[in-house]
Amino acid sequence: MCGIVGYTGFEAAAPRLLDGLEKLAYRGYDSAGIALHERGGLVTARAVGKLGELIGLTRGGSIYRGTCGIGHTRWATHGAPAARNAHPHLSQDGGVAVVHNGIIENYRILKAELEAEGAVFSSETDSEVIPFLIAKYLKQTGEPEEAIRRATARLVGAYALGILFSEYPGRIYAVRYQSPLVAAHCEGCSLIASDVPALLEYTRQVIYPAEGEVVCLTPDAMTVTNADGKAVRHLPHTVEWDSAAARKDGYSSFMEKEIREVPRAMEQTIRSLTDGEGRCTDLGGGIDPARLRETEELCFLGCGSAYHVGVAAQYCAEKLLGIPVRTEPASEFRYRRVPLAKNCLAVAVSQSGETADTLAAVRESRRRGIYVLGVVNVVGSAIARETDAVLYTRAGPEIAVATTKAYCAQLCAVYLLIAAILRAKGNEEEARRLERAVAALPECAAAVVGRAEKIMTLASSLSGARDAFFIGRGADYAACMEGSLKLKEITYSHAEAYAAGELKHGTISLIEEGVPVVAVLTQPHILAKTLSGAEEVRARGARVIAIAGEGVALPEDFADRDVISVPVPDPDVSPAVSTVAMQLLALGVCRARALDPDQPRNLAKSVTVE
Ligand code: AGP
């Protein structure tokens, strides 16, 4: 989704804004722009395409002297990717510049109202009404913060805004509702951004403004006021990531770097949720065991890969806990009336902690009196703040749009949650068994990562395939869902995950000569069944690639080159390992097709709008 940056200090702002936008490029964008206080007014530069276009247009920012500005990467929602639709947008009199992340749902009404008052708009965006409204209220009140409050009170939807007023040089204002925003003041400058990677070169002390608070930044200070205009004090959060974590470090892509970081992400997550003996009794202080004991139902909520984490957890939890477990895509849950038990524990899984649908599902669950636990990677994010308790995954910053290490870290966290519930309910033996299996995951994942080149070479032989199918049963099916999503996201191939037993109920009609079918085979009790599904498609000409638990006996005529062996500490947790092989398969196809895995077309890292 769109990215916002802002800098006010004593150095030239433009190169810093461009640098900040680079750091947010992973969020996904199709145009970019900056606005600066310059020569007594506001200037803007906007360009379509990659940031290089904007950098070229502004000669790396060198044509500007201004020391205060805001910048934006736009992911088009209303209006095509075009310079006129790129942000920042100016008010008609040029006195107010705004960058916006989010969607203004009532913009048509506001636009009509402003047009009736003589406004002439120059874009098709929902965002352009914002500077017009702020300018209107500035005229009425003569006071920027009050103008912002009055304007935002008229907006329906989601927004994080960075605002400049030509009459107030050196100042940036910022405000948010439902969309993410971080702000910081450090030696000689103040900054805003949509996400912390843009700030890490400057500081690791940041604040997360609450909804409706107005932040005013100058080179010397940062002040925050609430909806009544009263000053609010925020204690800064310390970000644990350093700026090195957000660099490629010689790898061809962030995605490759992040797959190679899977074992470390798992290890750090497990360490933070367990004690010195590997026990996850209170999950590192994340949750009260008494709350876990009372749990009579589990409901996993998430979107995309985070939803797939829930599906994998569901197989494990329903088998070991013997209580009802469901997994719902958050985007569906929020508009349904899913009946949940009073002592249901809802688990909201989110890497970014800012996915709009997951946040809405959290709010809906809490409104219904359900206790919600967040499994979140970004400290201080909206979902982390709004859930009753949080288990942080320690995957570090994930820059590639397609999640890899965060997904694996989330699996470790949810398996440990299941172990903690087992212990709280008195099943120490099963809790220990599961904890030991989880403790072995980083080493198993490292073994798969160690075979990265072999897997990617195999993948390159699939690069011509237009379609692919992923089949498995039980937890293997959950892993297939994630494996097929990876292939879709970064290679643009049509890929489908199928519960192996469902194949012959329709999908098998799509199998033809040479179509790749990835069969995941790590569940001993249903192995023979999945294998017969694999045989059926092989008989119809499919090329079967087996991702098999070490020691699984495959039919002798399986081509060796098409078998990827993965060490599995326990079938209940196998998706955390088998998926790593599928991440590498997808990356291998992507590489063979010379596509960019980090920023796939049409995709955004954080989906902060519906
Ligand atoms: C995964 O590769 C995708 N980028 C996407 O499905 C993602 O998992 C989903 O949008 C949820 O994001 P979140 O974990 O930040 O909530």
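As a reminder, the structure under discussion sits directly above these lines.
Residues numbered from 1 in each chain as written. Predicted model: local features only at pLDDT ≥ 70, side-chain atom pairs only at ≥ 80, totals over all residues. Heavy atoms only, no water.

(A) Spotlight on the site of the ligand. As a matter of local geometry, the ligand sits amid 14 residues, with S350, Q351, S352, T355 and E489 nearest to it. A distance of 2.6 Å separates an oxygen atom of the ligand from a polar side-chain atom of S350. Contact between the ligand and S352: an oxygen atom at 2.6 Å from a side-chain N or O atom of the residue. When the ligand sits alone it has 410 Å² of accessible area, and the protein chains cover 91% of it. When atoms are counted within 2 Å of each cavity's grid points, the one that captures over half of the ligand is the largest pocket. Contributions of two or more residues to the shell around the ligand are made by α9 (305-321) and α16 (475-491). Among the elements that take part in the shell around the ligand, α16 stands out by supplying three residues, more than any other. For the shell around the ligand, the residue count by class is five nonpolar, seven polar and two charged. (Near = heavy atom within 4 Å. Polar contact = N/O pair within 3.5 Å; in protein donor to acceptor, adjacent residues only side chain to side chain. Areas by Shrake-Rupley, 256 points an atom, 1.4 Å probe, with all protein chains shown as cover. 1 Å grid on protein atoms, 1.4 Å probe; cavity = no way out; pocket = protein on both sides within 12 Å on 5 of 7 lines; lining within 4 Å. Sits in = over half its atoms within 2 Å of the grid points. Helix = DSSP H or I, 4+ residues; strand = E, 2+ residues; numbered from the N terminus. Nonpolar A, V, L, I, M, F, W, Y, C, P; charged D, E, K, R; others polar.)

(B) Structural detail: the nonpolar core. Core analysis: the largest hydrophobic core is formed by 128 residues, its most contacted members being I34, L283, L298 and Y415. Looking at this core element by element, the count peaks at 15 residues for helix α13 (residues 405-424). Residues in contact with Y415, not counting those within four places in the same chain, are A312, C316, L434, V438, L441, D572, V573, P575 and A576. Membership of the second largest hydrophobic core comes to 29 residues, among which are V98, F121, I130 and L155. (Core = buried A, V, L, I, M, F, W, Y, C linked by side-chain atoms within 4.5 Å. Buried < 20%, exposed > 50% of the residue type's maximum accessible area, 1.4 Å probe, protein only. Contact = heavy atoms within 4.5 Å.)

(C) Representation of a negative patch on the surface in the model. Together, D275, D282, D288 and E294 give the surface a local cluster of negative charge. Note that D282 resides in the loop between α7 (262-273) and α8 (289-293). (Patch = residues over 30% accessible without salt bridge, like charges linked within 9 Å, V, L, I, M, F, W, Y side chains within 5 Å. Salt bridge = Lys/Arg side-chain N within 4 Å of Asp/Glu carboxyl O. Lys, Arg positive; Asp, Glu negative; His and termini not counted. Charge placed at Lys NZ, Arg CZ, Asp CG, Glu CD.)

(D) Quick look at the packing of aromatic side chains. Counting across every chain of the model gives five aromatic pairs. Following the ring pairs from residue to residue traces out a cluster consisting of F165, Y168 and Y173. Here the basic side chain of R601 rests over the ring of Y492, its NZ or CZ set 3.9 Å away from the ring centre. (Phe/Tyr/Trp six-rings, centres within 6.5 Å; stacked < 30°, edge-to-face > 60°. Lys NZ or Arg CZ within 6 Å of the ring centre and 35° of its normal.)

(E) Local environment of helix α17 (residues 527-539). Between its terminal C-alpha atoms α17 stretches 18 Å, which fits the 18 Å expected from 13 residues at 1.5 Å a residue. What α17 keeps buried is the set L527, T530, L531, G533, A534 and V537. Relative to the axis of α17, the buried residues are bounded by an arc of 155° and lie together on one face. Residues of α17 that are exposed and angled more than 90 degrees away from the buried face: A528 and A539. Looking at the residues trailing α17, positive phi occurs at G541, about 95°. (Expected span 1.5 Å × (residues − 1). Arc of directions from axis to C-beta.)

(F) Structural context of the pattern of salt bridges. According to the stated counting rule, one finds 44 salt bridges in the structure shown. With a shortest N-O distance of 3.0 Å, E117 and K136 are connected by a salt bridge. You can see E117 sitting in the loop between α3 (107-116) and α4 (129-141) and its partner K136 sitting in helix α4, a full 19 residues away along the chain. Judged by its relative accessible area of 19%, K136 falls in the buried class. Here R279 ties to E277 by a salt bridge, and the two come within 3.3 Å at their closest N and O atoms. Here R279 falls in the partly exposed class, since its relative accessible area comes to 27%.

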